[in-house]
Amino acid sequence: MSFNLKTCLLFVLLLPFTFLSVFGQGVLINESKIAIILPRPPHWPIPRPVPPRPPAQPESSYAIKSLEVNTNINGQFADVNVSQTFVNTGKTQMEVSFVFPLPYDGAIHSMTLLVNGKEYDAKLLDAKEARKTYEDIVRRNQDPALLEWIGNGMFKTSVFPIPAGESRVINLKYTQLLKVDGGLTDFIFPMSTAKYTAKPIEKLEISLNIETPDEIKNIYSPTHEIKIKRPTSKTASVIFDAKEIIPTSDFRLFFDSGKNEVSTRLLSFRPDPKEDGYFMLLASPKYITNDQKHIAKNVILVIDNSGSMMGEKISQARNASQFVLNNLREEDTFNIVQYSNSATKFKDEVQPVKKEIIAEANNYTSSIRASGSTNIEDALNVSLAAIQDSKIPNYVLFLTDGCPTAGEINELKLNEISKTANKNSARIFVFGVGYDVNSRLLDRIARNNRGQTVYVKPDENIEDHVSKMYNRINAPVLTDVTFNFKAKGNNNEQQKYATNRIYPNGKIDLFAGEQLVIVGRYSTAGEMIINVEGKVGGETKTFSFDCNLVDKSNDQTASFISRLWAIRRIGEILDDIDLKGQNKELVDELVKLSTSYGILTPYTSFLADENVQLSDHKDNVSKTMSNTAALKITSGESGFGQRRSKLDFQTAKNFAEFDSRNSSNLRALDTASSPMPASAPQILGITPHSRSNMPQSMPQSMPQSSNHITSNMKDKAETSSDTAELNVQNINNRAFFKKSGVWIDSTLNETQMKPENIITVKQFSDEYFKLIDQYKNDITQYLTLGGTQIINVNGQAYKIEPL
């Protein structure tokens, strides 16, 4: 049996009062004749018109203090325990009941609800009975919030009281059979109702204990950043925790188990068989305990000890180096290079990991002092020449805090030096410390030497970033890995090109404990074989796995893959523009992706301006071309911020972390101070949603030494942030842009948007509910924005207008 449990924990208040509010994971429903609009968080729009409320009525409200979810998963079965603490913050007693939408018959094997330890009766309503309840609430309150649950069954408890000022601990227990797709077990805990809230949840914690009959392989959440511990090969614990949070998406986790040395699982999504589909490939190596033998690796630590590193930075660099030294494995080798005016080595040759040698190396790093200039050329040549064995994985951890000031200083020549000197295919991980680095140079070196750049802000600790990276690469299991797709029973040479635009691309190293997430597109559907080839030491190994690339998806279950691919693709586009120069075709694709998915970058955020027409693609491409000229800035806070932002696109794994980091990066870029080349326009209007009425370029008369944003511009940015942050909403990977007060579905084309081609339907009318009955979830999930909307339903534009 497979299903997707949607126990959304609707919290229903049966109150005769007229002012209600929502705090957290429930909704308050008034059973009186007065219509009540559910509250939205500050960044959500309230549907209009708002029904009038007599001012003389008393206030009633409640708050969720905490939400804790503890789940034990054994194989495919999950025992879920939910605990919520509610506080009646109003002046009167509340009479309440719980309602749980159940989208699949048989989803719940058992369900118990306790209020302060007392069990309450409940009634199960099928989808038809529940639909009438949902529809009555939507009609009476003239609020589309509950539309997303129409079509679901309902589990409703009896009424219980919460006196004013008192709290109640609500405990919910249920057992669920988890869905399995493509060999991946799929666990979902619904939190979507929490977006109808006026106050963040103080404490949110989701913990899962997983046990499987075979070794656990892949563990991945596309929605949230999780912490994973693996006590044994067949058990794992997963935790997501947050404070002061307004959840806006369900929590989702995939995992699998097996006996293979490497596990590969694939999910695919293809809404239109005429277009290339999307796939996500999860790969994880065999579980290795600390006492098992690991593949030997060679680590070269390269430390910038120029004068600019003086003080706290050189101290942190020493500590970071000692962390790496003290965590090397006995089979590893290493060396240390320090550089300022020139580069010097700890030893002439790489050293084995022995107690006395590590002690000497720690003393050596402790003696490093900061002085002199920055000779990156010599540092590259000396560190890469120290590597002599190409049969083992080689990793260079390269720290710098400034631009090259000695030796070769030309960016392109230094890049060529790094490639020429790297004769043994070492991976170079570059740590850019502070805003003075040439961030584009660091990106070139990392990209062309199969590594990654890590950007450390001035107020961040170098050791934290180095230790995090080292822990990731500490135990390589399979190196120089490639993934190739081939159709079953088909020897056609063209099948080599069944997949395209795969990220990350090239040869990859698999590390113990790391979850590799690859996304890409495919043109050929059907049964496939994935051939995985890599090296263990100097020996090449090959593994084969069966998979299926769907011809057409029947639902939106795997639609998240397309958005994750779009984020990674945008990162690749920005990297190409940054390192190879502007390209109109790439900018054109960048604008299309930003528009289709509502993914705003520092260069396309103007799309959220209410006065910008999405259909004017040519003008939007022109503006984006102008904005990407800011990539000419290679240092300072702006150059640093742009590359750090680009990296987050390239390495995105889950939406919660990416959205948070993207928001932070864009806001930081809004207020960055940096010298501005005369040919590079001002990057403005780059909050995650919009910055209305903000200039797109720096005045030509402004001196290059001026701040990146003047105080007047900052005032405009702050003002427009308050009014325009709502201008882009993403619902189930479909973007809606607010234009002149109307929410426009970004999937509509110019022809569909012609007035004569749009069908107008009044909100909450009989025609409105007939439309819902006809298209069900194809339309209901997009109607929750409220207000005036123009929505694409099976190629037809519908304009939903308030009564």
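Residues numbered from 1 in each chain as written. Predicted model: local features only at pLDDT ≥ 70, side-chain atom pairs only at ≥ 80, totals over all residues. Heavy atoms only, no water.

### Observations regarding the environment of Ile-508
With respect to the secondary-structure elements, Ile-508 resides in strand β29 (residues 508-511). The buried category is assigned to Ile-508, whose relative accessible area is 11%. Distance from Ile-508 to Gly-451, taken between C-alpha atoms, is 9.8 Å for residues 57 residues apart in sequence. Ignoring anything within four residues of it in the chain, the contact list for Ile-508 reads Arg-427, Leu-478, Thr-479, Asp-480, Val-481, Phe-483, Leu-516 and Ile-518. (Helix = DSSP H or I, 4+ residues; strand = E, 2+ residues; numbered from the N terminus. Buried < 20%, exposed > 50% of the residue type's maximum accessible area, 1.4 Å probe, protein only. Contact = heavy atoms within 4.5 Å.)

### Focus on the pattern of salt bridges
Considering all chains together, one arrives at 36 salt bridges under this definition. A salt bridge links Asp-576 to Arg-447, with the shortest nitrogen-to-oxygen separation between them at 3.1 Å. Remark: Arg-447 occurs in helix α6 (residues 439-448) and Asp-576 occurs in helix α8 (residues 560-580); sequence separation between them is 129 residues. On the basis of relative accessibility, which here comes to 13%, the residue Asp-576 falls in the buried class. On the accessibility criterion, Arg-447 (33% relative accessible area) is partly exposed. As a salt-bridge pair, Arg-643 and Asp-578 come within 2.7 Å of each other at their nearest N and O atoms. (Salt bridge = Lys/Arg side-chain N within 4 Å of Asp/Glu carboxyl O.)

### Things to note about the confidence of the model for the protein
The predicted coordinates of low-pLDDT regions are not to be read in fine detail. Scored by pLDDT, the protein comes out at a mean of 81, with 80% of its residues at no less than 70. Predicted confidence is poor over residues 1-39, with pLDDT under 50, and the contacts of this stretch with residues over four places away or in other chains come to 199 contacts. Per-residue pLDDT stays below 50 along residues 673-724; that stretch engages in 124 contacts with residues further than four places along the chain or on separate chains. (pLDDT = per-residue confidence, 0-100.)

### Some details on the packing of α6 against helix α11 (residues 636-650)
For the pair α6 and α11, interaxial distance at closest approach is 9 Å and the crossing angle is 35°. Residues Ser-439, Arg-440 and Asp-443 of α6 form the contact with α11, whose participating residues are Gly-639, Phe-640, Arg-643 and Lys-646. Tallied by class, the residues present in the contact of α6 with α11 amount to one nonpolar, two polar and four charged. (Axes fitted to C-alpha atoms, helices over the stretch in contact; angles between N-to-C directions. Nonpolar A, V, L, I, M, F, W, Y, C, P; charged D, E, K, R; others polar.)

### Some words on the sheet that holds β29
Pairing within the open sheet is antiparallel, and its four strands lie in the order β29-β27-β31-β32. In the strand order of this sheet, the two ends are held by β29 and β32 (539-549), each with one partner. Adjacent strand axes in the sheet meet at a mean angle of 35°, parallel and antiparallel pairs treated alike. (Pairing = 2+ DSSP bridges.)

### Observations concerning the packing of aromatic side chains
By the definition in use, this model includes 17 aromatic pairs. Taking 6.1 Å as the distance between ring centres and 20° as the angle between the ring planes, the aromatic pair formed by Phe-334 and Phe-346 counts as stacked. Linking Phe-334 in strand β21 (residues 333-339) with Phe-346 in the loop between β22 (343-345) and β23 (351-352), this pair joins segments that are 12 residues apart in sequence. Take Phe-334: its relative accessible area is 1%, and that puts it in the buried class. Its relative accessible area of 10% is what places Phe-346 among the buried residues. Ring centres of Phe-764 and Tyr-768 lie 5.4 Å apart, and the angle between their planes is 65°; on these two criteria the pair is classed as edge-to-face. In terms of burial, Phe-764 and Tyr-768 fall into one category: buried. Ring-pair connections join several aromatic residues into one group, and the members of that group are Phe-187, Phe-240 and Phe-251. Sitting over the ring of Phe-655, Arg-563 keeps its end group 5.0 Å from the ring centre. (Phe/Tyr/Trp six-rings, centres within 6.5 Å; stacked < 30°, edge-to-face > 60°. Lys NZ or Arg CZ within 6 Å of the ring centre and 35° of its normal.)

### Details of the sheet that holds strand β19 (residues 277-285)
On the basis of which strands lie adjacent, the open sheet formed by four strands has the order β18-β19-β30-β28 and antiparallel pairing. If you trace the sheet from one side to the other, it starts and ends with β18 (262-269) and β28 (499-503), each paired once. Each neighbouring strand pair of the sheet contributes to a mean axis angle of 25°, computed without reference to strand direction.

### Section: unusual backbone geometry
A cis geometry characterises the amide bond from Tyr-503 onward to Pro-504, with omega recorded as -5°. Summarising the element assignment, Pro-504 is placed in the loop between β28 and β29. Although it is not a glycine, Ser-425 adopts a positive phi angle of roughly 55°. Along the chain, Ser-425 turns up in the loop between α5 (411-421) and β25 (427-433).

### Let's talk about the packing of α5 against α6
When two helices pack together, you describe them by how their axes are tilted relative to each other and by the distance separating the axes. Interaxial distance between α5 and α6 falls to 9 Å at its minimum, and their mutual angle equals 25°. With respect to each other, α5 and α6 are oriented roughly parallel. As for the relative orientation of α5 and α6, their crossing is right-handed in sense. Facing α5, whose interface residues are Glu-411, Leu-412, Leu-414, Asn-415, Ser-418 and Lys-419, α6 presents Arg-440, Leu-441, Arg-444, Ile-445 and Asn-448. Tallied by class, the residues present in the contact of α5 with α6 amount to four nonpolar, three polar and four charged. (Parallel < 35°, antiparallel > 145°, perpendicular 65-115°, else oblique. Left-handed = near helix turned anticlockwise from the far one by under 90°.)

### Brief notes about the pairing of strand β30 (residues 516-522)
In terms of residue burial, β30 counts as a mostly covered element, since seven of its seven residues are buried. Both faces of β30 are covered, namely the face carrying Leu-516, Ile-518, Gly-520 and Tyr-522 and the face carrying Val-517, Val-519 and Arg-521. The sheet contact formed by β19 and β30 spans seven bridges and is antiparallel. Of the residues in β30, the one forming a bridge with Ala-283 is Leu-516. Both β28 and β30 contribute to a ladder of three bridges, which runs antiparallel. Pairing of Tyr-503 across the sheet is with Val-519, part of β30.

### Comments concerning the side chain of Thr-374
Relative to the helices and strands, Thr-374 resides in the loop between α3 (355-366) and α4 (376-385). Here Thr-374 falls in the buried class, since its relative accessible area comes to 4%. A polar contact is formed between the side chain of Thr-374 and the side chain of Ser-306, at a distance of 3.3 Å. Contact partners of Thr-374, with chain neighbours within four places excluded, come to Asp-304, Ser-306, Tyr-339, Ser-340, Thr-400, Cys-403, Pro-404, Thr-405 and Ala-406. (Polar contact = N/O pair within 3.5 Å; in protein donor to acceptor, adjacent residues only side chain to side chain.)

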